[in-house]
Amino acid sequence: YAPLSVRLVQQALRGRWAQLDEVSKALPGPLVDITQTVDSKGMPIQGPPLQGAPTDGARLRQKPVLVFFIGGVTFAEISALRFVSSQEDVNRDIIIASTKLVSGS
């Protein structure tokens, strides 16, 4: 078992977001897909990487992904995201943020 929120993150990290098109239509609100990189001064910009930008494996491994839960996150979701981050085919560090930590009690 894995929470739906974690499955969505997992598919997005593996580049399969387009396959979730039917699922995303059932979710409320617009779908936002933004690619962010840095310019020659190191400032964040939207768009593809600059020509000649470093793309070595060590740097790509450390590229973090922020997952923000509005309304709260459970310990099960945190645990599952930590497991996803540890898988070799993900190659991302996952930062989890939330408005609240929801417990079972």
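On a predicted model such as this, the values are computed, not experimentally measured, just so you know.

A. Geometry of the nonpolar core. Core analysis: the largest hydrophobic core is formed by twelve residues, namely Val6, Val9, Leu13, Val65, Val67, Phe69, Val73, Ala80, Leu81, Val84, Val90 and Ile94. Looking at this core, the elements with two or more residues in it are helix 1 (4-13), strand 3 (64-69) and helix 4 (75-86). For isoleucine 94, the residues in contact, after removing those within four places along its chain, are Leu13, Val65, Val67, Leu81, Val84 and Ser85.

B. Region of the structure containing the environment of isoleucine 34. Tracing the chain through its elements places isoleucine 34 in the loop between helix 2 (21-26) and strand 1 (36-38). By relative accessible area, isoleucine 34 is classed as exposed at 52%. Spatially, the C-alpha atom of isoleucine 34 lies 6.9 Å from that of glutamine 46, the residues being twelve residues apart in sequence.

C. Region of the structure containing the side chain of glutamate 77. Mapping glutamate 77 onto the fold places it in helix 4. There is no salt bridge for the buried glutamate 77, and the closest opposite charge comes from arginine 7, which lies 12 Å off by N-O distance. Within the structure, glutamate 77 has its side chain in polar contact with the side chain of serine 5 (distance 2.8 Å). Filtering out sequence-adjacent residues up to four positions away, glutamate 77 remains in contact with Pro3, Ser5, Val6, Phe69 and Gly72.

D. A look at a nonpolar patch on the surface. A surface patch of nonpolar side chains, amounting to about 460 Å² of accessible area, comprises Leu66, Phe68, Ile70 and Ile95. Looking at where phenylalanine 68 falls in the secondary structure, it is placed in strand 3. Overall, the relative accessible area of 46% leaves phenylalanine 68 in the partly exposed class.

E. Region of interest: the pairing of strand 3. Across the two faces of strand 3 the burial differs, with Val65, Val67 and Phe69 buried and Pro64, Leu66 and Phe68 not buried at all. Sheet topology note: the strand 3/strand 5 (residues 93-98) ladder contains six bridges and is parallel. Directly across from phenylalanine 68, in strand 5, lies its bridge partner alanine 97.

F. Here's a closer look at the packing of helix 1 against helix 4. Packing of helix 1 against helix 4 brings their axes to within 9 Å, and their N-to-C directions diverge by 20°. In terms of their interaxial angle, helix 1 and helix 4 are classed as roughly parallel. Between helix 1 and helix 4 the crossing geometry is right-handed. Facing Ser5, Val6, Val9, Gln10 and Leu13 of helix 1, the residues of helix 4 in contact are Glu77, Ala80, Leu81 and Val84.

G. Representation of the confidence of the model for the protein within the structure. On average, residues of the protein carry a pLDDT of 77, and 76% of them reach 70 or more. Highest mean pLDDT in the protein belongs to strand 4 (residues 73-74) (94); lowest belongs to helix 3 (residues 57-61) (46).

H. Structural detail: helix 4. End to end, helix 4 covers 17 Å across twelve residues, agreeing with the expected 16 Å (1.5 Å per residue, within 8%). Among all positions of helix 4, only Glu77, Ala80, Leu81, Val84 and Ser85 are buried. Each buried residue of helix 4 sits inside an arc of 140° when the element is viewed along its axis, so together they form one side. Among the exposed residues of helix 4, those oriented more than 90 degrees off its buried face are Arg82 and Phe83.

What counts and how
- Residues numbered from 1 in each chain as written.
- Predicted model: local features only at pLDDT ≥ 70, side-chain atom pairs only at ≥ 80, totals over all residues.
- Heavy atoms only, no water.
- Core = buried A, V, L, I, M, F, W, Y, C linked by side-chain atoms within 4.5 Å.
- Buried < 20%, exposed > 50% of the residue type's maximum accessible area, 1.4 Å probe, protein only.
- Helix = DSSP H or I, 4+ residues; strand = E, 2+ residues; numbered from the N terminus.
- Contact = heavy atoms within 4.5 Å.
- Lys, Arg positive; Asp, Glu negative; His and termini not counted.
- Salt bridge = Lys/Arg side-chain N within 4 Å of Asp/Glu carboxyl O.
- Polar contact = N/O pair within 3.5 Å; in protein donor to acceptor, adjacent residues only side chain to side chain.
- Patch = residues over 30% accessible without salt bridge, like charges linked within 9 Å, V, L, I, M, F, W, Y side chains within 5 Å.
- Areas by Shrake-Rupley, 256 points an atom, 1.4 Å probe, with all protein chains shown as cover.
- Pairing = 2+ DSSP bridges.
- Axes fitted to C-alpha atoms, helices over the stretch in contact; angles between N-to-C directions.
- Parallel < 35°, antiparallel > 145°, perpendicular 65-115°, else oblique.
- Left-handed = near helix turned anticlockwise from the far one by under 90°.
- pLDDT = per-residue confidence, 0-100.
- Expected span 1.5 Å × (residues − 1).
- Arc of directions from axis to C-beta.

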